[in-house]
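Observations on chain architecture
Take a look at the letters that make up each chain.
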Amino acid sequence: MGADGSPVAEPIAPSAAASTVPAGVAATRPLWLLAELTYRCPLQCTYCSNPLGYAGIQDELTTVEWVRVLREARALGAAQLGFSGGEPLARPDLVELVAEARRLGYFTNLITSAVGLDAARLDALEAAGLDSVQISFQAADAQLNDRIGGARTFARKLEAARLVKARGLPLTLCIVIHKANIHQVRAILDLTVELGADYVELATTQYYGWAKLNRAQLLPTRDEVRAAEAVAHEYQERFRGKMRIFYVVPDYHEERPKACMNGWGNVFLTIAPDGAALPCHAARDLPGLDFPNVRERDVAWIWRDSPAFNRFRGYEWMQAPCRTCPERFKDFGGCRCQAYLLTGDAAAADPVCALSPRHQVVLDAVAEAAAAPAGDPHYRNPANSRRFA
Amino acid sequence: MPAPAGPLAIARPFRFQWEPAQDCHVLLFPEGMVTLNDSAGRILALCDGSRDAAGIIAELLQQFPGADLAGGVREFLEVAHGRGWIAGG
């Protein structure tokens, strides 16, 4: 979900003194608003979560339109706001939008590649009330980082992370993990320690969009995943209370699906650069769903009444084996995008689940990636977008 | 972890605020939220940098005269401190 396509590890964490997020449809609120301000990005990450055809979507919402979206979502109860993209710093009105968001009471998170985050821009964002900064890294050293991102950014990322810490702003570092950098997990975590990160997201690649296109080059083996996991757990223990490390479970190597988005239309609302409203930033390519646009409808109608947001809400839409599975209340049948990409049916059980009749496709993908020669991945850039969309 | 001595305040990166849509107080932090029940909200609302633990208890006793709340409030402040929600002045 980051500028470079990373997912968010722990969306909303209700806890302790707390009641949990209500599951009833009538009570749902878009607590987490992801504002994808633009698909423009100086990086070319091969696992980007933006749609393959992003280059054809250029009609970005105006500042005035975004302000209306922020107000309408806030009135519905949205509290966490991620400014993402593409690279959100590519929008000249970012400071203005942060100021408005802060005034409305949002907790504002900038999710960035750090390209464009110099001292002057950061000063302006901080003055506007920015609450936290999440910076992506592609690897632990310049050579690999810059090769994976398809741009020379490592030095800028280091500099930006230090600027954020120097101002006392909370710093999250997000690293999408895949075959090309999974051997570096220890070095990556050492780097996050050195930079003084408050939160770290080790975001296992999710195979949608560009990552699905490049899956054979990205998907690690089971042994590589288990080794990385062990290192992540070691650091979680070592830095308990100092740095919070989220490790996103690699679902292709699991027996049960992730509780994707905490349920469709339950807590997440993504607004794409052109105003398309999505229950998940990867949902845009699902067929047969007419995603509403904030240019035509207000956010309250979109959230509560639109057919697209109601399509997979609750449990009635489920097929066997999910329909009667006791775990449906925990995992919501997994991910709709993954079900569609791997079975052709968005209402099927997520085939990551060992109970899915189509689970073999996931096992085959893992075996295929392990056996695949290391061909060249397709970088996320306008030329490839026009070619593969 | 005992609550620190001296005035108590909400600690970075947490932000404490009232959420009208949820009809409760919450603590917001990077990409997360803690939904607070009524007691937790009332106690944290007093952690504004002007009172220590005893001052918070005294203030709550003004609101609820005669209530047996001191032990519970101290216990909650310890938990809140342990989770990094509050810090001493």
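Note: the structure precedes this text.
Presented here is an overview of the structure given in this document. Predicted model only: the values in this text are computed from it and were never measured. (Residues numbered from 1 in each chain as written. Chains lettered and ligands numbered in written order. Predicted model: local features only at pLDDT ≥ 70, side-chain atom pairs only at ≥ 80, totals over all residues.)

Things to note about the overall build of chain A
Short version of the rule: Put simply, DSSP marks the helices as runs of H or I at least four residues long and the strands as runs of E at least two long, and each gets a number from the N terminus on. The globule rule is 2.2 Å times the number of residues to the power 0.38, and the radius of gyration it is compared with is taken over C-alpha atoms. Three exposure classes are used, based on other C-beta atoms lying within 10 Å of a residue's own C-beta, which is placed from the backbone: buried for 20 or more, exposed for 12 or fewer, and partly exposed in between. By the convention adopted here, residues are in contact when the distance between their C-beta atoms, placed from the backbone, does not exceed 7 Å.
Looking only at helices and strands, chain A features 15 helices and nine strands. Over its C-alpha atoms chain A spans a radius of gyration of 20 Å, differing by no more than 12% from the 21 Å that the globule rule assigns to 389 residues. Projected onto the principal axes, the alpha-carbon positions of chain A cover approximately 55 × 50 × 45 Å. Taking all 389 residues of chain A together, 54% fall into the buried category. Sequence-distant contacts in chain A: of pairs separated by 6 or more residues, those separated by 24 or more amount to 74%.

A short note on the environment of Y379(A)
Within the secondary structure, Y379(A) is located in the loop between α14 (360–371) and α15 (382–388). Residues contacting Y379(A), with those up to four places away along its chain left out, are Q44(A), T46(A), G150(A) and N384(A).

Considering the nonpolar core
Our working definition: Any nonpolar core is a set of buried residues, restricted to Ala, Val, Leu, Ile, Met, Phe, Trp, Tyr and Cys, that join up through C-beta atoms within 7 Å.
Residues L173(A), I175(A), L202(A), C337(A) and L27(B) are the most contacted members of the largest nonpolar core, which totals 142 residues. Broken down by element, the residue count for this core peaks at six residues, all from strand β5 (residues 171–177) of chain A. Every residue in contact with C337(A), bar those within four places of it in the chain, is listed here: Y208(A), C280(A), A282(A), A283(A) and L286(A).

Points about the packing of helix α1 (residues 63–75) of chain A against helix α2 (residues 94–104) of chain A
Residue and element names in this part refer to chain A. Selection criterion: Orientation is described by axes fitted as lines to C-alpha atoms, over the contacting stretch for helices, and by angles from 0 to 180 degrees between their N-to-C directions. Any angle between 65 and 115 degrees counts as roughly perpendicular, while under 35 counts as roughly parallel, over 145 as roughly antiparallel, and the rest as oblique. Two helices crossing with the near one rotated counterclockwise from the far one by less than a right angle form a left-handed crossing, whereas a clockwise rotation gives a right-handed crossing. Put simply, Ala, Val, Leu, Ile, Met, Phe, Trp, Tyr, Cys and Pro go in the nonpolar bin, Asp, Glu, Lys and Arg in the charged bin, and everything else, Gly too, in the polar bin.
Running from N to C, α1 and α2 cross one another at 20°; their axes reach a closest spacing of 10 Å. Taken as axis vectors, α1 and α2 run roughly parallel relative to one another. Considering how the two elements wind past one another, α1 and α2 form a crossing that is right-handed. Within the contact between the two elements, α1 uses T63, W66, V67, L70, R71 and R74 and α2 uses E96, L97, E100, A101 and L104. Within the contact of α1 with α2, the residues separate by chemical class into six nonpolar, one polar and four charged.

Remarks on the sheet that holds strand β2 (residues 15–19) of chain B
All names here are of chain B. Cut-off, in case you're wondering: Strands qualify as paired when DSSP identifies two bridges or more between them.
Ordered in space as β2-β3-β4, the three strands form an open sheet in which the pairing is antiparallel. The sheet terminates laterally at β2 and β4 (32–35), the two strands that pair on one side only. The average undirected angle you get between the axes of adjacent strands in this sheet is 30°. Sheet topology note: the strand β3 (residues 24–29)/β4 ladder contains four bridges and is antiparallel. Bridge pairing in β4 places V26 opposite T35.

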